[in-house]
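# An overview of the molecular structure
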Amino acid sequence: MKIAIPVLAGVLVVLAGPALAGHSSAKEREVTRQLNLEQARMAQASNQGSAQFATANQAQSAPAVAPAAPVESAPVASPAGNAGENQEPAPPAQ
């Protein structure tokens, strides 16, 4: 346990170091701005390419087929609190 406290304190200093470093210089801010602009251009070009691919892919695909089996529905069950009240008797099963 005596070793764990200094190790945890060291980890805290290492992790908090960048936050405590202070302000960036003008050169660092400009480099960061340039990198961000470059990444934005790359992302935009990538998005345009995938959008063009999606449009071309949709134009080549066939339309969806309607279901061949008829759709069946079940009667709606009444809420548990109103069981038996204001209900019409069910028709006899055939």
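The present account deals with the structure reproduced in this document. Small disclaimer: the values here were computed from a predicted structure and weren't measured.

## Brief notes about a nonpolar patch on the surface
There is a patch of nonpolar side chains on the surface, built from I3, V7 and V11 and spanning about 280 Å² of accessible area. Turning to its location among the elements, V11 is positioned in helix α1 (residues 4-16).

## Observations regarding the pattern of salt bridges
Throughout the structure, instances matching the rule amount to one salt bridge. Its salt-bridge partner being R33, residue E30 comes within 3.0 Å of it at the nearest N-O pair. Residue E30 and its partner R33 are both found in helix α2 (residues 26-60); the two are separated by three residues, about one turn of the helix.

How each quantity is defined
- Residues numbered from 1 in each chain as written.
- Predicted model: local features only at pLDDT ≥ 70, side-chain atom pairs only at ≥ 80, totals over all residues.
- Heavy atoms only, no water.
- Patch = residues over 30% accessible without salt bridge, like charges linked within 9 Å, V, L, I, M, F, W, Y side chains within 5 Å.
- Areas by Shrake-Rupley, 256 points an atom, 1.4 Å probe, with all protein chains shown as cover.
- Salt bridge = Lys/Arg side-chain N within 4 Å of Asp/Glu carboxyl O.
- Helix = DSSP H or I, 4+ residues; strand = E, 2+ residues; numbered from the N terminus.

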